[in-house]
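Summary of the model geometry
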Amino acid sequence: MDQFVDQIRSFIETNQEWAGPVTALLTMAESVVILGLFVPATALMLITGGLVGSGSLDGATILIWGIAGAIVGDAFSYWLGRGVGPRVLRRWPLSNHRPAVARARLFFSRYGFASVLAGRFMGPIRSTIPTVAGVMGMSHARFQTANILSAALWVPAMLAPGYLTMRNVDDISGASHIGMAIGTGISILLGVWLLCMVLRKRRVPAAGRRARR
């Protein structure tokens, strides 16, 4: 796997015009059901973020391609679940990953729309949640809203550590720097908002159970 990561890094460094499409393929693969379990997108996104921070790659281009790939990957997984139905969860290759599927179904059942948003940031179930959403009949409009929003936040969050590592903390001039800082800030705010939503939804059923008693 390390050799694969090194090969992709070398390719991006020597073929910078292909950095955007390669980033899109990585984020798409990371978001496709099952395939996402085997693609080392996290390490490669950190490397790509570092190249953006060093000035080797254009940040806006990488963000656009990366977000587009993530949206397409989740959309594919959603339509797979929507089109095939529940049997897709019982057949190979998902049948070999039953614990992950069970966690994704439980998470979606509890949190619905918020699960698609938060699921993007949760490695073990990231690529499974969209398929579960499709199987369980989540509306296309609601899913795509969560899909686009989460992709727009996830990609900057993945690039940010590598980017910030390569930048001098005191050097925050330039539009690309500001854009990355904004993306990172929004990602943090989304995480706080999602946490509040999850905790609120957990408190409401608990309060209902106590009232029934």
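The structure contained in this document is the topic of the report that follows. (Residues numbered from 1 in each chain as written. Predicted model: local features only at pLDDT ≥ 70, side-chain atom pairs only at ≥ 80, totals over all residues. Heavy atoms only, no water.)

**Notes on the packing of helix H3 (residues 41-53) against helix H9 (residues 140-166)**
Quick reminder of the rule: What counts as an axis is a line fitted to C-alpha atoms, over the stretch in contact for a helix, and the angles between N-to-C directions run from 0 to 180 degrees. A run of H or I in DSSP counts as a helix once it spans at least four residues, and a run of E counts as a strand once it spans at least two, with each numbered from the N terminus. Each angle gets one of four labels, with under 35 degrees taken as roughly parallel, over 145 as roughly antiparallel, 65 to 115 as roughly perpendicular, and the rest as oblique. Rotating anticlockwise by less than a right angle from the far helix to the near helix defines a left-handed crossing, while the corresponding clockwise rotation defines a right-handed one. A contact between two residues is defined here by any heavy atoms of the two lying within 4.5 Å. Asp, Glu, Lys and Arg are counted as charged, while Ala, Val, Leu, Ile, Met, Phe, Trp, Tyr, Cys and Pro are counted as nonpolar; the rest, among them Gly, fall into the polar class.
Contact geometry for H3 and H9: axes closest at 6 Å, N-to-C directions at 50 degrees. Classed by the angle they form, the pair H3 and H9 counts as oblique. Read as a crossing pair, H3 and H9 show a hand that is right-handed. Listed contacts from H9 to Thr-42, Met-45, Leu-46, Thr-48, Gly-49, Gly-50, Val-52 and Gly-53 of H3 are Val-155, Met-158, Leu-159, Pro-161, Gly-162, Tyr-163 and Met-166. Each residue belonging to the contact of H3 with H9 can be placed in one class, and the counts come to 9 nonpolar, 6 polar and no charged.

**Points about the environment of Gly-69**
Among the secondary structure elements, Gly-69 is positioned in helix H4 (residues 59-84). Along the primary structure Gly-69 and Ala-29 are separated by 40 residues, whereas in three dimensions their C-alpha atoms are 8.0 Å apart. Other than its neighbours up to four places away in sequence, Gly-69 contacts Ala-24, Thr-27 and Met-28.

**A look at the packing of aromatic side chains**
Note on aromatic pairs: each is described by the distance of the centres and the angle between the planes. The following threshold applies: Pairing of aromatic rings covers Phe, Tyr and Trp, the last counted by its six-membered ring, and requires centre-to-centre distances within 6.5 Å; plane angles under 30 degrees mean stacked, over 60 mean edge-to-face, and any other angle means tilted. To sort residues, take the accessible area from a 1.4 Å probe on protein chains only and compare it with the maximum for the residue type: under 20% means buried, over 50% means exposed, and anything in between is partly exposed.
Scanning the model with the defined rule gives 3 aromatic pairs in all. Look at Tyr-78 and Trp-79: their rings are 5.2 Å apart centre to centre, the planes differ by 75 degrees, and that puts the pair in the edge-to-face class. Both rings, one in Phe-107 and one in Tyr-111, keep their centres 5.1 Å apart while their planes meet at 70 degrees; by these two values the pair is edge-to-face. Taken together, the residues Phe-107 and Tyr-111, both in helix H6 (residues 98-111) and 4 residues apart, mark about one turn of the helix. Considered together, Phe-107 and Tyr-111 belong to a single accessibility category, that of buried residues.

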